[in-house]
Every structure is written in C-alpha cells, then in structure tokens.
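# Summary of the model geometry
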Amino acid sequence: LTKNIIITVRRGFFKNWTNLCWEVFKKTGSIEAYLYLSDCKNLHEETDELREIDNTDDNTEHPGIVLKAVRYKENDVILTLFTRKLGKVSAIAKGAKRNKSSLLSSAQLFSYANYTLKRKGNMYTVNQSDTIKSFYDISYDIEAFSYATYITKLVEGSTCENQTNNRLFILLAQTLYLYTQENTDKKFITRAFELKFLDYIALDQLWTDVVAVEVRV
C-alpha cells in the first residue's frame, strides 16, 4: 500500500525555530549568549534576501574577511574573500608575503579588513588594504583555531560567488571576535553560530511550500 502524504512546509519555519532557541539561550544567563545576542541585535535591519550583485564596482573599497589564503609563486597570495558588497570573491594580493608588504596583515587567514579591489577578468587584484581586525591571536589557541577554521570553511562551501549575504557576513565577523576573547565557551559559540547560519543561508528556500513525501506501508 502506498500513501502519498502531503507535508506543508511554510517558509520561515527555520527562522522561527532558531529565534526560539535564541530566547532559550538568553534566559540561561550565559555571558557568552548575552554578548552574542547583543551583538546580533542589529542583524534584522540588514536585508533578508540573498541577491546577485552587479560587478560594476571597480577599484573601490570593500570590507571583507579572508576565508582562504593560498600562496602563489614566491611572494603572492590568492585570497578567497567574503565581502559585504561583492559576496565571495577571489583576489590576488601581489607581494603580500614580503616582510615589509603593506598587505601582509590583511592577507592572513581570518583577517578582517577594508580591501581596495580592482577587477581583472574573473579575479580581483588587491591594490591596498586597511586592517580592521587581524584576529591573529586565534592562531595561538588550538581550540579557537579549529573552530574558526571550521566556520570559515562552512561559509566558503555554502556561499556562491558574487552573491551577498550581509547578515552572515556580520555573524562571521562577530563570531571570530568572540573566539579571541578569554574565558569564553568556544564550543557553545560555535553551536550558536551553526543555528544562525542555518537561518542566514536561507535553508528554508531549499524547500518548496508544499513537499510531497511518498511513504510505503
């Protein structure tokens, strides 16, 4: 016997569920949860939609976080940046490995900086940068480094090129900041990141409003 069960999945289900979880976290009195929530209170003022952007910006400044840094040739670095205005992009930082390079700090993994980018074909060139927060201290803490690597790889693997997600960008920056603070529960912070991450990558958009599930009895 085959029964077709129609399950209605309303958009926003995951959002409501994660909001409920956040309220539970808030009521626990955890200082980490409090800081996390207070930092995230402005996120809903950002756009809720992922959008394809027009890559007409040329040689302009963009806040970005380094998701991956790969050495290229002797002194260059190819960066995977997650930016607010351009989304995820690839950019080459020429000479960034030289000791006296002005790009040295901003070409490190996890670095948060303003990057002046110029588009050349399918890749950008970093002309200059102004480091906001290097998050260099993360590399001295193996637990923090492991969790930071995990969430940056999660963002890198779950976002598309040239597609913005401002709320996720802010969440990533705030989480990296919390990893640098002393006496914080980094595992808790990571679990909280995952909950918000599910919401911000619009997981509910992967579902249709009505999902047909065939169940064999």
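Shown above is the structure to which this text applies.
The paragraphs below set out a description of the structure included in this document.

## Let's talk about the sheet that holds strand β3 (residues 60-72)
The mixed closed barrel is built from 5 strands, whose spatial order is β3-β4-β5-β7-β6. Strand-to-strand, the axes of this sheet are offset by a mean angle of 50°, without reference to chain direction. Examined bridge by bridge, strand β6 (residues 112-120) and strand β7 (residues 123-133) share 9 bridges and lie antiparallel to one another. Directly across from K120, in β7, lies its bridge partner M123. Sitting on the sheet, helix α3 (residues 142-158) touches β3, β4 (76-83) and β5 (87-93), and the angle it makes with β3 is about 105°.

## A closer look at the nonpolar core
Considering soluble globular proteins, one finds that nonpolar side chains tend to be buried as a cluster. Judged by nonpolar contacts, the single largest core of 25 residues is most densely connected at I138, V155, L168, L172, L176, Y179 and F193. Secondary structure elements with two or more residues in this core: β3, α3, α4 (166-179) and α5 (186-200). The leading source of residues in this core is α4, at 9 residues. Beyond its immediate sequence surroundings of up to four residues, L172 is in contact with I65, L67, F82, I151, T152, V155 and F193.

Conventions we followed
Residues numbered from 1 in each chain as written. Predicted model: local features only at pLDDT ≥ 70, side-chain atom pairs only at ≥ 80, totals over all residues. Heavy atoms only, no water. Pairing = 2+ DSSP bridges. Helix = DSSP H or I, 4+ residues; strand = E, 2+ residues; numbered from the N terminus. Axes fitted to C-alpha atoms, helices over the stretch in contact; angles between N-to-C directions. Contact = heavy atoms within 4.5 Å. Core = buried A, V, L, I, M, F, W, Y, C linked by side-chain atoms within 4.5 Å. Buried < 20%, exposed > 50% of the residue type's maximum accessible area, 1.4 Å probe, protein only.

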